[in-house]
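Summary of the model geometry
Chain by chain, the residues run as shown.
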Amino acid sequence: MNTLKAKIIVFFLLTTFFIFTALTVLILKMEREDRVQDLTGLLHHISSEIISDHLQNATPSTGLHYLKRIELIQTLSADKALSNPFFQIIPSPTPKNTPDNTITVVTKLSNGYYFVARSDTHIIDKNIQRLTMTLYILFFGALSLLTLMFYIILQKLLDPMEQLARSCIAIDLEGKPTHFPVSYASVEIQRLGSALQSLVDKIAFLREKERQMFKDTAHQFKTPLAILKARLDRYALDPKGDKELFLRQANGDIAKLLKYLKELLIVQESQIPQDEVSTSIDVRSLISDLSAYAAPLLMRKHQSVNLSGNDTFTLTTHIGTFKKLVLTILENCINHAPEKSTITIVLDAQERRIVFGNSVSADKAPALFNSNLGLNIIRELSVLLNMDVTIERREEKFLLSLTGVLE
């Protein structure tokens, strides 16, 4: 199965097997060397005993078959300390035609010849094979027990991840906030749970924000649409109705709806693009350019913009979104300021503040924005740029301040 649990267990089994195999090879090699050394030492002892007790003036022609029948050799063979012992006297210290898998000891005699004592390693190899089988049987038994214990521990360690997965599948953003059960999990899983919790909280916040925006939008559209519908019904029922008055009023209702629709489009585009990088700009220069860009709107109502003083400061921000924010504020100021009035913009370098001011119109209900939706747009854009927005009315002026601008 392509699961993390299965992969960890397979990795554990393979790693354990390779480690055990390496240890087994090392143990068997050391054990064989010890047994060979013991057999070599025994052959030296046998050679010493035989030379002192049985070889007086022996020559290469002397038959040594009887040595296999002496009590010492018989006892050692019965105890499996020796295997196929062989004895010989040779004229040189180097034996000829030495068989493989044998241990040979050469001892010099007093008459100048050399006594050879030899034993093969059949018993050693057999014991090593038996030890190998024993080690592997013990290993597989221990590995089975360790694997079971490791699986139980792994199951407990990964259970919080299973709970996270079940919580993600069963999540209901319309219901109560989901909390992920990671209280007894490891630090890494707790971080994952916290990240998921943060993501869910953000999604829930955005959904609530979207719901509130939809509610505000529906409220803003409801009244103009109801009024327009009433005008249409009245005009349809009154054949003598004033056509020019009806068209003027209907166009006013439609213009108001178009304003709200435009605000909705701005909301849709208010997110900062992922590829828009922060750049350093001179605030005074940028606002001066944007004021010139809004000149056609100003000319329509014979208005002007006064960027007072010579104060300025630099700002590192997303320039495209910042331009959209300033233009949205300017457009609302132009829409609601009286004709032939001056819109003031003051830069406070010490407080890093931008203050927009426009005269209050003579309407029954003067306002700075077309609707609550327009104000939400300003707040939305300012939050994206890490700014605070404050709005206040001082006597005959509306003041909007952007503060908290960070480098």
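None of the values given here were measured: they were computed from a predicted structure.

**Section: the pattern of salt bridges**
- Summed over all chains, the structure comprises three salt bridges.
- With a closest N to O distance of 3.0 Å, Arg35 and Glu31 form a salt bridge. Of this pair, Arg35 and Glu31 are both found in helix 1 (residues 4-54), four residues apart, which corresponds to roughly one turn of the helix.
- For Arg35, a relative accessible area of 30% puts it in the partly exposed group.

**Focus: the packing of aromatic side chains**
- This structure, assessed with the given rule, holds eight aromatic pairs.
- Both rings, one in Phe12 and one in Phe150, keep their centres 4.4 Å apart while their planes meet at 10 degrees; by these two values the pair is stacked. Residue Phe12 is found in helix 1, and its partner Phe150 is found in helix 3 (residues 122-169); the two are separated by 138 residues along the sequence.
- Residue Phe150 is classed as partly exposed on the basis of its relative accessible area of 24%.
- Pairwise contacts between aromatic rings join Phe17, Phe18, Phe20, Tyr136, Phe139 and Phe140 into one cluster.

**Here's the deal with the sheet that holds strand 8 (residues 353-359)**
- The five strands are arranged 5-7-8-10-9 in an open sheet whose pairing can be described as mixed. Two strands lie at the open edges of the sheet, namely strand 5 (304-307) and strand 9 (388-394), each paired on one side alone. Along the sheet, successive strands turn relative to each other by an average axial angle of 20 degrees, direction set aside.
- Note that strand 7 (residues 342-348) and strand 8 share five bridges and pair antiparallel. Following the sheet pairing, Leu347 is matched in strand 8 by Ile354.
- Packing of helix 6 (residues 283-293) onto the sheet brings it into contact with strand 5, strand 7 and strand 8, and relative to strand 7 it is tilted by some 165 degrees.
- Packed onto the sheet, helix 8 (residues 319-336) meets strand 7, strand 8 and strand 10 (397-403) and runs at close to 20 degrees relative to strand 8.

**Let's talk about helix 3**
- Compared with the 70 Å implied by 1.5 Å per residue over 48 residues, the 66 Å span of helix 3 between its first and last C-alpha is a close match.
- Of all the bends in helix 3, the greatest reaches close to 40 degrees and is centred on Leu158; the proline Pro160 follows between one and four positions later.

The rules behind each value
Residues numbered from 1 in each chain as written. Predicted model: local features only at pLDDT ≥ 70, side-chain atom pairs only at ≥ 80, totals over all residues. Heavy atoms only, no water. Salt bridge = Lys/Arg side-chain N within 4 Å of Asp/Glu carboxyl O. Helix = DSSP H or I, 4+ residues; strand = E, 2+ residues; numbered from the N terminus. Buried < 20%, exposed > 50% of the residue type's maximum accessible area, 1.4 Å probe, protein only. Phe/Tyr/Trp six-rings, centres within 6.5 Å; stacked < 30°, edge-to-face > 60°. Pairing = 2+ DSSP bridges. Axes fitted to C-alpha atoms, helices over the stretch in contact; angles between N-to-C directions. Contact = heavy atoms within 4.5 Å. Expected span 1.5 Å × (residues − 1). Bend = angle between axes of the 7 residues up to and from the residue.

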